[in-house]
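An overview of the molecular structure
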Amino acid sequence: SQTIHQWPATLVQPVGSPLSLECTVEGTSNPNLYWYRQAAGRGLQLLFYSVGIGQISSEVPQNLSASRPQDRQFILSSKKLLLSDSGFYLCAWSSIGQGKVVREQYFGPGTRLTVT
Amino acid sequence: QKEVEQDPGPLSVPEGAIVSLNCTYSNSAFQYFMWYRQYSRKGPELLMYTYSSGNKEDGRFTAQVDKSSKYISLFIRDSQPSDSATYLCAMSPFGGQNFVFGPGTRLSVLP
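Structural notes, computed from the coordinates. Quick caveat, the model's predicted, so the values are computed rather than measured. Per-chain numbering applies: the sequence of each chain, read as written, is numbered from 1 onward. Key to labels: chains lettered from A, ligands numbered from 1, both in the order written. Residue-level local features of this predicted model are given only where pLDDT is at least 70; pairs of side-chain atoms are given and counted only at 80 or more, and the full residue set underlies all totals for whole chains, interfaces and linings. Side-chain numbers here rest on the full set of heavy atoms in the structure, without hydrogens or water.

Looking at the sheet that holds strand β3 (residues 19–26) of chain A
Residues and elements named next belong to chain A. Applicable threshold: Pairing between two strands requires that DSSP report at least two bridges joining them. By definition, any uninterrupted DSSP run of H or I lasting at least four residues is a helix, any uninterrupted run of E lasting at least two residues is a strand, and each is numbered from the N terminus. In this analysis, axes come from line fits to C-alpha atoms, helices being fitted only over the stretch in contact, and the angle between any two N-to-C directions falls in the range 0 to 180 degrees.
Read from one edge to the other, the open sheet built from 4 strands follows the order β1-β3-β8-β7, with strand pairing classed as antiparallel. Both edges of this open sheet fall to β1 (3–7) and β7 (64–70), since each of them pairs with a single strand only. Taking the axes of each pair of neighbouring strands and ignoring which way they run, one obtains an average angle of 20° across the sheet. Pairing analysis gives 5 bridges linking β1 to β3, with the strands arranged antiparallel.

Written out as structure tokens, the structure is:
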């Protein structure tokens, strides 16, 4: 069965510090990978998605970046955190069906980031 | 008009009630529809996935899709306090790489 891991689970970082959040998926190959942010009491905001190694699409201009160094590894980074970067960060994966159709999406447990 | 709209709630029902959660959408290209349950401080959990009009049942949950009206629903029968969570609808167009989520409906099932 497929499993998605995220770490760390919680993180408190000062403004201006760097960030690295990691996500790995087990039990599948060549998945689509996604980073979302969920602010308190709000919906999911898609930040980045990747259809393959080294292929990153950005949905929202910001001071965050993403990388996919391996097929099942997705990393979210920042060089300098802002207060507005606080939130709940979720990694997700989707399998690709016949005809390159994206199928259902599964989420990781999330990382709660507080920027102070 | 937002691409996907969802009653924000909060919705409070007594234990054992039938719950109806709804989403409307504007993009007729959406072909795949999902419902998620999210407990506080947890990642969303996939409940139902469907790609055709009509009903799909899984235990106490029934997902209903009406593509002609651009309307989807999730019904929960015999609701339990453990169903108290935020419910998110999501959808994707055929051939699309992304999913569009509704803002979520917060449900409380009172014992």
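Quick look at the interface of chain A and chain B
Selection criterion: Whether two residues are in contact is decided by their heavy atoms: any pair within 4.5 Å suffices. As a working definition, buried area equals the accessible area (1.4 Å probe) given up by two parts on being put together, with both sides summed. We define a salt bridge as a contact between a side-chain nitrogen of Lys or Arg and a carboxyl oxygen of Asp or Glu at a distance within 4 Å. Here a polar contact means two N or O atoms within 3.5 Å. Within protein one must be a hydrogen donor candidate and the other an acceptor candidate, and residues neighboring in sequence count only if both atoms are side-chain atoms.
On the chain B side, the residues contacting the 24 residues of chain A number 18 residues. Here chain A and chain B share an interface that buries about 1700 Å² over both sides, 59% of which is from carbon and sulfur atoms. Our count for the contact surface shared by chain A and chain B stands at 0 salt bridges. At the surface where chain A touches chain B, the tally comes to 2 residue pairs in polar contact (both at pLDDT 80 or more). Within the residue set of the side of chain A that touches chain B, elements represented by two or more residues are β4 (32–38), β5 (44–52), β9 (87–96) and β10 (102–107) of chain A.

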